[in-house]
Amino acid sequence: MTLNEFERIQRAIEEAGVMVTIRQKGLTILNENLVSPHFVLTLCHQGSAKMMYDMTEWNYGKNELVVLTPGHVLNQLQYSDDFVFTRVVLSNKALADLRTNFFISNHDRFALSPKCLLTDEQMEQLENVAKILKALTEFNTDELPMRHLAIFGQLAVGYDFVDIYTRRQSLRVNGSHNSGIFFHFSKLVVEHFQESREVQFYADMLHYTPRNLTRAICKETGGISPAEWIEQYVILRAKRLIAINKHKNLQEVAFMMGFPDPSSFYRYFKRATGITAKEYRESLGD
């Protein structure tokens, strides 16, 4: 799958609200940093896979549930020949509607317990929810007038299951994922990159000096500084906005990214990537 095909799928998810894959084999795009734009639940039925999630390496295998929240950087590294998974993807709008109409818990909590080991019975329960969801999404409104409500009701059931399971048993990632300073720093970048792209801003929020924050982040990431991470994240978000907003001009993209004026965005993009934002858009083709 190419990146353009990936973006087409992301747009389809945004339009549909929910997309379900049952027992798929293998992964699609490998070794490519992507900004995860949706809320994703993945059930691993067999085999194993490895990925990087905000600079943290994850391994997951049989009977593990992985919850990915929107806005984070994902890189799928590899998977075993027998890797099989079921996946439910919700757009941001669908997730917001679900929270508003069904009063479900705050999905941000899953950032603290993104992976858990399930029993066979729990796996079966969640897979059954996914199968019903997939069947509902294949009806049109003429065949099932209450289709929208039925889908959201089933999503609420599945979401409650996930909430219960992750509260009962969460697995620590590499032993220090939740306690390390990089985890808190990267979460702040996801939330505030449009406000500031300066290390000082995040150091102040974390009660560090910029020098001490740089030292701590470099230690955890093996040498990647907070300034480098901010730049990488901003460029990934910018590239995605350019890719999915082909009808918008680059000035609009600059303001959507939080830059005070288009020229500062153009300079930032060219310095970080070596090409102009216009050249990047042209490289995507139609």
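Relevant structure appears above.
Residues numbered from 1 in each chain as written. Predicted model: local features only at pLDDT ≥ 70, side-chain atom pairs only at ≥ 80, totals over all residues. Heavy atoms only, no water.

A. The arrangement of the overall build of the chain in detail. Within the chain, the regular secondary structure consists of 11 helices and 9 strands. Per-residue burial for the chain yields a buried fraction of 49% across its 286 residues. In the chain, 72% of the contacts between residues at least 6 apart in sequence involve partners at least 24 apart. For the chain, the exposed area adds up to about 14200 Å²; of that, 51% sits on carbon and sulfur atoms. (Helix = DSSP H or I, 4+ residues; strand = E, 2+ residues; numbered from the N terminus. Buried < 20%, exposed > 50% of the residue type's maximum accessible area, 1.4 Å probe, protein only. Contact = heavy atoms within 4.5 Å. Areas by Shrake-Rupley, 256 points an atom, 1.4 Å probe, with all protein chains shown as cover.)

B. Representation of the sheet that holds strand 4 (residues 48–53). Across the sheet, 4 strands lie side by side as 2-7-4-5; this open sheet has antiparallel pairing. Strands with a single pairing partner mark the edges of an open sheet, and in this sheet they are strand 2 (34–36) and strand 5 (56–61). Taking the axes of each pair of neighbouring strands and ignoring which way they run, one obtains an average angle of 40° across the sheet. (Pairing = 2+ DSSP bridges. Axes fitted to C-alpha atoms, helices over the stretch in contact; angles between N-to-C directions.)

C. Molecular detail of the side chain of E64. Summarising the element assignment, E64 is placed in strand 6 (residues 64–68). At 2.8 Å, the side chain of E64 forms a polar contact with the backbone nitrogen of G61. (Polar contact = N/O pair within 3.5 Å; in protein donor to acceptor, adjacent residues only side chain to side chain.)

D. Structural view of the packing of aromatic side chains. Applying the stated criterion across every chain, the model contains 16 aromatic pairs. Arranged with centres 5.8 Å apart and planes meeting at 25°, the rings of F39 and Y159 form a pair that is stacked. Of this pair, F39 sits in strand 3 (residues 39–46) while Y159 is found in helix 4 (residues 147–168), placing the two residues 120 residues apart along the sequence. Pair check on accessibility: F39 and Y159 agree, each one buried. One aromatic cluster is present, formed by F259, F265, Y266, Y268, F269 and Y280 through successive ring pairs. Looking at R197, its charged tip hangs above the ring of F259, at a distance of 3.8 Å from the centre. (Phe/Tyr/Trp six-rings, centres within 6.5 Å; stacked < 30°, edge-to-face > 60°. Lys NZ or Arg CZ within 6 Å of the ring centre and 35° of its normal.)

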